[in-house]
Amino acid sequence: MNQAAESTGSTSQSTPPRGHVVVGFDGSPGAERAVDLAADEALRRHTTLEVLHALEWVELGHADDHFGQQLREEARHIVERGAERARLRHPELSIRSTVEFANAMDALEAASDRAALLVVGSRGLGGFAGLLLGSVSLPVSAAARCPLLVVHPDHDTSGTDAAKPIVVGVSDDDCTAALEAAFARAQSQGLPLRALHVWRYPAMMAGSAGYAPALYDWREVAHATVTTALAPLRGKYPDVTVVEDVALDTPAHALVGASAHATLVVLAAHRKTGRFGPNLGRVTHAVLHHSEAPVLLVPVTG
């Protein structure tokens, strides 16, 4: 497979700076929404936006490879359409359009090594209409090595309802990087931050007469978890209005419910390696499928 990439222009820079924003674009509705938010984020960060399209095609080496030439021209047309959408949204933005001759999943995963943020639509072209998360976005969510923003085709990217808070999931596991990203985003957008911790009774407590759930102050334990997690960041971001929220629920159900009243949902991406490579936990998987707001996954390293 030819892994070469080619630029189709549209920027004054020959190579985007490391740490820019990369968005995958295949022309699908989800990818169009992804370009909208990627352009917003690149402008907010004062950096370049790279619109990336992947074409999986083996060069035959024939001078009369008309079919291959057609595919390459169509790929360039697609990526320029994505770049033009971003340009119309933010004319002052520095934009680079790139065609990678590679599998889409491989191209996006590789892009996560050069990007500060990778943005993808939840479902691309060619999938089943009933799927909420596609065959590319799901494995990329599990493998991206930089923060990943996942956008559904029906997510509102118009910016007309920008007063909703940013929701960040707070867990007992390490979620420091996700909290940092959520605070930074809330500060840059002037939005409140809702830090949500979901608590469930351990099975031994729920089923034991000696630990009746009705007599156990779960709220005190849950609030202590949130307060402890947020303490290091409150001083760093004093202008961010923070609401500490706890719920007695399943994490996936509570986070999906919170997404209906959120501008963005931020989660720590705790990845596990199984028989078929890296994969997401059940909670992250469910939120990616059903969230009513875009989801930012922040990888947990170490």
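Residues numbered from 1 in each chain as written. Predicted model: local features only at pLDDT ≥ 70, side-chain atom pairs only at ≥ 80, totals over all residues. Heavy atoms only, no water.

Engineer: Tell me about the overall build of the protein chain, residues and numbers included.
Structural biologist: For the protein chain, the count of helices and strands is 9 helices and 13 strands. For the protein chain, the proportion of its 302 residues judged to be buried stands at 45%. In the protein chain, the proportion of contacts linking residues at least 24 apart, taken out of those at least 6 apart, comes to 80%. (Helix = DSSP H or I, 4+ residues; strand = E, 2+ residues; numbered from the N terminus. Buried < 20%, exposed > 50% of the residue type's maximum accessible area, 1.4 Å probe, protein only. Contact = heavy atoms within 4.5 Å.)

Engineer: Give a description of the pairing of strand E5 (residues 115-121) that names residues and reports values.
Structural biologist: Summarising burial for E5: 6 of the 7 residues are buried, a large majority. Looking at chain direction, strand E2 (residues 20-24) and E5 are connected through 4 bridges and run parallel. Along E5, the bridge assignment pairs Val21 with Leu117. (Pairing = 2+ DSSP bridges.)

Engineer: Outline the side chain of Thr48, supporting the account with residue identities and numerical values.
Structural biologist: By the element assignment, Thr48 lies in the loop between helix H1 (29-45) and strand E3 (49-54). Residue class for Thr48 comes out buried when judged on its relative accessible area of 2%. Among the polar contacts listed, one links the side chain of Thr48 to the side chain of Ser94, at a separation of 3.4 Å. (Polar contact = N/O pair within 3.5 Å; in protein donor to acceptor, adjacent residues only side chain to side chain.)

Engineer: Give me the lowdown on the nonpolar core, citing residues and values where you can.
Structural biologist: Core analysis: the biggest nonpolar cluster contains 53 residues, and Leu49, Val119 and Val266 have the highest contact counts within it. In terms of residue count, H1 provides more of this core than any other element does, 7 residues in total. Those residues in contact with Leu49 that sit more than four places away from it in its chain are Val21, Val23, Ala38, Ala39, Ala42, Ala86, Leu93, Ser94, Ile95 and Arg96. (Core = buried A, V, L, I, M, F, W, Y, C linked by side-chain atoms within 4.5 Å.)

Engineer: Summarise the environment of Arg33; cite the residues concerned and give the values.
Structural biologist: Mapped onto the secondary structure, Arg33 falls in helix H1. According to the relative accessible area criterion, Arg33 is partly exposed, its value standing at 24%. Taking the C-alpha atoms as reference points, Arg33 and His152, separated by 119 residues in sequence, lie 7.3 Å from one another.

Engineer: I'd like a description of helix H3 (residues 104-111), backed by residues and values.
Structural biologist: All of the buried residues in H3 are Ala107, Leu108 and Ala111. With its buried residues spanning 95° around the axis, H3 presents them on a single face. Its buried side turned inward, H3 meets E2, E3, strand E4 (95-100), E5 and helix H4 (137-143). (Arc of directions from axis to C-beta.)

Engineer: Break down the pairing of E2 for me, with residues and values.
Structural biologist: A large share of E2 lies buried, amounting to 5 of its 5 residues. Where E2 and E3 come together, 4 bridges link them in parallel fashion. Of the residues in E3, the one forming a bridge with Val22 is Glu50. Handedness of the crossover is the feature at issue here: the chain leaves E2, passes through H1, returns alongside E3, and the resulting connection is right-handed. (Right-handed = clockwise from strand over helix to strand, strands pointing away.)

Engineer: Any details on helix H2 (residues 66-89)? Residues and values, ideally.
Structural biologist: Between its first and last C-alpha atoms H2 spans 35 Å; for 24 residues at 1.5 Å apiece the expected length is 34 Å, and the two agree. Along H2, the positions that sit buried rather than exposed are Gly68, Arg72, Ala75, Ile78, Val79, Gly82, Ala83 and Ala86. The elements touched by buried residues of H2 are H1, E3 and E4. (Expected span 1.5 Å × (residues − 1).)

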